[in-house]
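Summary of structural features
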Amino acid sequence: MSLFRKKSISTLIKEVGQKDITLKKELGAFDLTMLGIGAIIGTGIFVLTGVAAAEHAGPALIISFILSGLACVFAALCYAEFASAVPVSGSAYTYSYATFGELIAWMLGWVLILEYGLASSAVASGWSGYFQGLLSGFGIHLPKAISSAYDPANGTYVDVSAIAIIFFITMLLTQGVKKSARLNTIMVVIKIAVVLLFIAVGVWYVEPANWTPFMPFGFSGVVTGAATVFFAYIGFDAVATAAEEVKNPQKNMPIGIIASLIVCTILYITVSAILTGIVPYTELGVKNPVAFALNYINQDWVAGFISLGAITGITTVLLVMVYGQSRLFYAISRDGLLPKVFSKVDKKKQTPIVNQWITCVLVAFFAGVLPLNKLAELVNIGTLFAFMTVSIGILYLRRNKQAPTTGFRVPFVPLIPILAFLFCGYLALQLPATTWKSFGVWLVIGLLVYFGYGRRHSRLNEKEEIIKKVS
């Protein structure tokens with residue numbers, strides 16, 4: 001059995017039509033754009049901006065976001081072509097199956113499991129912090145033992161709020177993707193309104209003197225800041241996981257991916273410019289930098305709205321991350337590389353309900369019990385690895401002439417895919433050595449799972465057996 005056996009694009013698309021595992025097509029371009037914005041605008045804008053400015057980039061955080069945004073724009077164009085050519089769940093995992101073969105596809109899927117799992121858990125922990133802050137404003141305080149992840153030295157054992165929000169999100173997702181998308185859209189509108197409120201109020205309090213020195217940590221600090229805030233951009237990858245539930249994916253997938261990225265990049269750059277203009281960058285090393293900036297200029301009433309917007313914003317991120325994780329499990333399971341239970345679809349609601357509850361338990365465990373502050377960078381390295389693979393995949397797709405000539409196509413090939421690969425590779429090299437070591441350990445575990453289970457249960461084995469009998 002070849003380690004690099006492939007599935008053709010035509011085979012991948014045919015599998016979507018199998019009656020026992022069909023997902024319901026309900027999403028349009030607007031739904032996808034809202035999903036993308038829901039996943040991108042959240043932790044990045046409400047949490048990461050302050051830390052990245054204080055510790056890495058200073059006021060040059062604007063350039064950090066531009067660098068990350070450029071890397072993502074180039075990668076997003078590559079994703080858009082794949083999503084148009086291969087409208088199948090699984091995102092980069094599925095695309096790699098068609099271009100690089102099974103082993104590479106499995107390893108990329110394994111990396112994406114890490115990305116979505118840790119991102120969901122980390123975001124749930126962040127949501128818990130904001131939610132407890134909101135409760136404390138009403139004089140309500142949770143017992144310390146259940147207020148944060150396992151840390152006996154500080155008297156905490158489990159983060160009940162983080163677990164509760166993950167169960168709530170899962171209950172919503174099991175009702176069907178359209179209902180989830182509607183709620184997501186409402187929360188995204190609230191979130192964007194809150195961000196625009198911050199811009200409208202904060203712009204009048206900007207002190208240009210706060211932008212000096214503009215690059216206090218040098219250009220290396222700017223690049224490190226770009227690698228740090230890259231976490232803020234992983235949402236459009238989640239949009240690609242929705243492919244099988246999209247009406248007219250050849251048209252709507254590229255619109256959803258690119259539109260959400262453009263909107264979010266503009267908002268990130270504007271907010272980071274105003275934030276560092278209001279507050280000296282040395283004071284921004286806080287968990288709630290946007291609300292902190294408004295308290296700094298005595299706009300407490302707006303800060304209250306911002307905190308509420310942050311909770312809403314982080315909820316949408318969590319919704320899309322948990323959704324993306326479940327659809328990734330679904331795609332890998334359908335290929336036989338994970339147990340069949342992950343690809344079992346409920347006939348009435350046409351959604352993988354058992355899969356979603358398994359995802360819920362796994363994510364809730366990590367969010368509620370394990371401190372994830374030191375593991376967040378693993379999310380970035382997993383995302384960058386996926387983006388690099390998809391970028392090179394476009395070159396393979398074009399060379400082998402597999403892709404349909406209709407639908408979205410990346411302009412200026414091979415320049416755009418090469419730029420995407422180089423930008424993402426450069427950012428990956430800025431991550432700490434410990435992150436690379438942890439990433440290596442995860443890849444080794446992935447290889448053990450593949451050779452222990454996936455390779456023997458792959459559905460491509462059935463095809464090879466048929467060929468052997470015929471020959």
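Report on the accompanying structure. Per chain, the residues get numbers from 1 upward, laid out in the order the sequence is written. For a predicted model such as this one, the threshold for reporting local features is a pLDDT of at least 70, and the threshold for listing and counting side-chain atom pairs is 80 or more; totals across whole chains, interfaces and linings nevertheless cover every residue. Hydrogens and waters are ignored; side-chain quantities use all the structure's heavy atoms.

1. Section: the overall build of the protein chain
A run of H or I in DSSP becomes a helix once it reaches four residues, and a run of E becomes a strand once it reaches two; helices and strands are each numbered from the N terminus. From N to C terminus, the protein chain includes 18 helices and zero strands. We take the radius of gyration over the C-alpha atoms and set the globule estimate at 2.2 Å times the residue count to the 0.38 power. Taken over C-alpha atoms, the radius of gyration comes to 22 Å for the protein chain, in line with the 23 Å a tight globule of 471 residues would show. Overall, the C-alpha framework of the protein chain stretches about 80 × 50 × 40 Å when taken along its three principal axes. Here the protein chain holds 471 residues, and the buried ones make up 57% of them. The rule is simple: take the accessible area with a 1.4 Å probe, protein chains only, and divide by the maximum for that residue type; under 20% is buried, over 50% is exposed, in between is partly exposed.

2. Remarks on the packing of aromatic side chains
Ring pairs shown here join Phe, Tyr and Trp side chains whose ring centres sit within 6.5 Å, with only the six-membered ring taken for Trp; geometry is labelled stacked below 30 degrees between planes, edge-to-face above 60, and tilted in between. Counted according to the given criterion, the structure contains 19 aromatic pairs. Measuring from ring centre to ring centre gives 6.3 Å for F292 and Y296, while their planes differ by 45°; the resulting arrangement is tilted. Taken together, the residues F292 and Y296, both in helix α12 (residues 289-296) and four residues apart, mark about one turn of the helix. Within the aromatic cluster, the residues linked to one another by ring pairs are W106, W110, W442, Y450 and F451. In this arrangement the basic side chain of K7 is found over the ring face of Y97, its NZ or CZ atom lying 5.4 Å from the centre. Our definition puts a charge over a ring when NZ of Lys or CZ of Arg is within 6 Å of the ring centre and also within 35 degrees of the ring normal.

3. A look at unusual backbone geometry
Omega for the bond connecting T212 with P213 falls within 30 degrees of zero, at -5°, which places this linkage in the cis form. Here P213 lies in the loop between α8 (177-202) and α9 (218-229). Residue V413 is joined to P414 through a cis peptide bond whose omega torsion reads 15°. Residue placement: P414 occurs in the loop between α15 (376-399) and α16 (415-429). At N248, a residue that is not glycine, the phi angle is positive and equals roughly 50°.

4. With respect to the environment of I166
Here I166 is to be found in helix α7 (residues 160-173). For I166, a relative accessible area of 0% gives the class buried. Should any heavy atoms of two residues lie within 4.5 Å, those residues are counted as being in contact. Residues within four places of I166 in sequence aside, it is in contact with A124, L318, C360, V363, A364 and A367.

5. A short note on α9
Expected span of a helix: the number of residues minus one, times 1.5 Å. The end-to-end C-alpha distance of α9, which contains 12 residues, comes to 17 Å, matching closely the 16 Å that a straight helix rising 1.5 Å per residue would cover. For α9, the set of buried residues is G221, V222, V223, G225, A226, A227 and V229.

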